[in-house]
Amino acid sequence: MSREGARAGPAAHSSHVGTTLPRSDVLEWPDYFMAVAVLAAKQSRDPHTQVGACIVSSENRIVGIGYNKMPNDCTKAFPWDKEAASRLDTKYPYISHAELNAFVNKTVVDVRGCRIYVTLFPCNECAKIIIQSGIHEVIYLLDKYPDKDETRAAKRLFENTGIHCRKFKPKNEKDPVDFYSVFGANQEQSN
Ligand SMILES: Nc1ccn([C@H]2C[C@H](O)[C@@H](COP(=O)(O)O)O2)c(=O)n1
Ligand SMILES: [Zn+2]
């Protein structure tokens, strides 16, 4: 069917008001939400890894979006380095994670029963926020650091609390955005 919509023939027309059929080739919800997370990630100033998160209610409403960033007014005052003689001179103690920012930016009081779409598997600190806030499902794009203690601890926390984690699988044939663009060209897509 053409993307411009279609004219209903006499048979098809019987269950529709008017003569023009509604478009059927729309984005599936999961692809839409992960695309929003990817777009949010593209706002990140992290020179190495851009991360996005999108919290979604059981009624498929977006209730929070975030990306990894330095706290407000700290973008220039703190380092972006991954390595330094002291961890205090790296970005890690200062950066505010995408999941935390999505939670801070929430537009509803309560996110219990929501799910979160994230471009990177959550760390243990974000896992704690997810658990404490009552989010019950995590859909992630890439498990980039499966061997890091932060990831392993997050998995333990999720397993222990029954939070369902699953890898995102696009539903539409054509990606609405290049999902893996935030991870660079040669990123492994299987994990
Ligand atoms: N759950 C997570 C884990 C990490 N991030 C952010 C923190 C850093 O900005 C970046 C990871 O940097 P890399 O070690 O790959 O240079 O990802 C996050 O937002 N959420
Ligand atoms: Zn985190």
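Residues numbered from 1 in each chain as written. Chains lettered and ligands numbered in written order. Predicted model: local features only at pLDDT ≥ 70, side-chain atom pairs only at ≥ 80, totals over all residues. Heavy atoms only, no water.

Where an unreviewed UniProt entry is consulted, the protein chain appears under the name Deoxycytidylate deaminase, with the organism given as Geotrypetes seraphini. Looking at the Sequence similarities (unreviewed entry) heading of the UniProt record, one finds this comment for the protein chain: "Belongs to the cytidine and deoxycytidylate deaminase family." According to the UniProt record, the Cofactor (unreviewed entry) comment for the protein chain reads "Zn(2+)". (UniProt positions renumbered as here; feature names shortened; annotations may be inferred.)

Student: Could you give an account of the coordination of the zinc ion (ligand 2), naming the residues involved and the relevant values?
Tutor: Distances from the zinc ion (ligand 2) to its protein donors, His97 (ND1), Cys123 (SG) and Cys126 (SG), fall within 2.0 to 2.2 Å. Considering all 4 donor atoms around the zinc ion (ligand 2), angles at the metal cover 103 to 119 degrees and the coordination shape is tetrahedral. If you list the donors of the zinc ion (ligand 2) from N- to C-terminus, the spacing comes out as H-x25-C-x2-C. In this pair, His97 sits in the loop between β4 (62-67) and α2 (98-104) while Cys126 sits in helix α3 (residues 124-133), placing the two residues 29 residues apart along the sequence. (Donors = N, O, S within 2.8 Å, 3.2 Å for Na, K, Ca; no water. Tetrahedral: all angles 85-135°; square planar, octahedral: opposite > 155°, others 65-115°. Helix = DSSP H or I, 4+ residues; strand = E, 2+ residues; numbered from the N terminus.)

Student: Explain the UniProt feature "domain: CMP/dCMP-type deaminase" (unreviewed entry) in the protein chain to me, and be specific about the residues and the numbers.
Tutor: UniProt marks residues 28-158 with the feature "domain: CMP/dCMP-type deaminase" (unreviewed entry), using the numbering shown here. As annotated, residues 28-158 comprises 31% helix and 18% strand, and the C-alpha atoms at either end are separated by 26 Å.

Student: I'd like to hear about the layout of surface pockets, residue by residue, with values.
Tutor: The gaps of empty space that remain are located by a probe, the size of a water molecule, rolled over the atoms. Estimated volume of the largest pocket: approximately 630 Å³. Lining the largest pocket we find 30 residues, and of these Tyr92, His97, Leu120, Cys123 and Lys148 sit closest to its centre. Listing elements by their share of the lining of the largest pocket, those giving two or more residues are α2, α3 and α4 (149-161). Looking at which element gives the most residues to the lining of the largest pocket, the answer is α3, with 4 residues. Grouping the amino acids of the lining of the largest pocket by side-chain chemistry returns 14 nonpolar, 6 polar and 10 charged. (1 Å grid on protein atoms, 1.4 Å probe; cavity = no way out; pocket = protein on both sides within 12 Å on 5 of 7 lines; lining within 4 Å. Points joined across faces, edges and corners; volume = space filled by probe spheres on them. Nonpolar A, V, L, I, M, F, W, Y, C, P; charged D, E, K, R; others polar.)

Student: How would you explain the nonpolar core if you had to name every residue and give the values?
Tutor: With 40 residues, the main nonpolar core has Met34, Ile55, Ile116, Leu141, Phe158 and Phe179 as its most contacted residues. Elements that contribute at least two residues to this core include exactly α1 (29-41), β3 (52-56), α2, β5 (115-120), α3, β6 (137-142) and α4. In terms of residues, this core owes the most to one element, α1, which gives 7 residues. Setting aside its immediate chain neighbours within four residues, Ile116 contacts Ala53, Cys54, Ile55, Glu99, Ile130, Ile135, Glu137, Val138 and Ile139. (Core = buried A, V, L, I, M, F, W, Y, C linked by side-chain atoms within 4.5 Å. Buried < 20%, exposed > 50% of the residue type's maximum accessible area, 1.4 Å probe, protein only. Contact = heavy atoms within 4.5 Å.)

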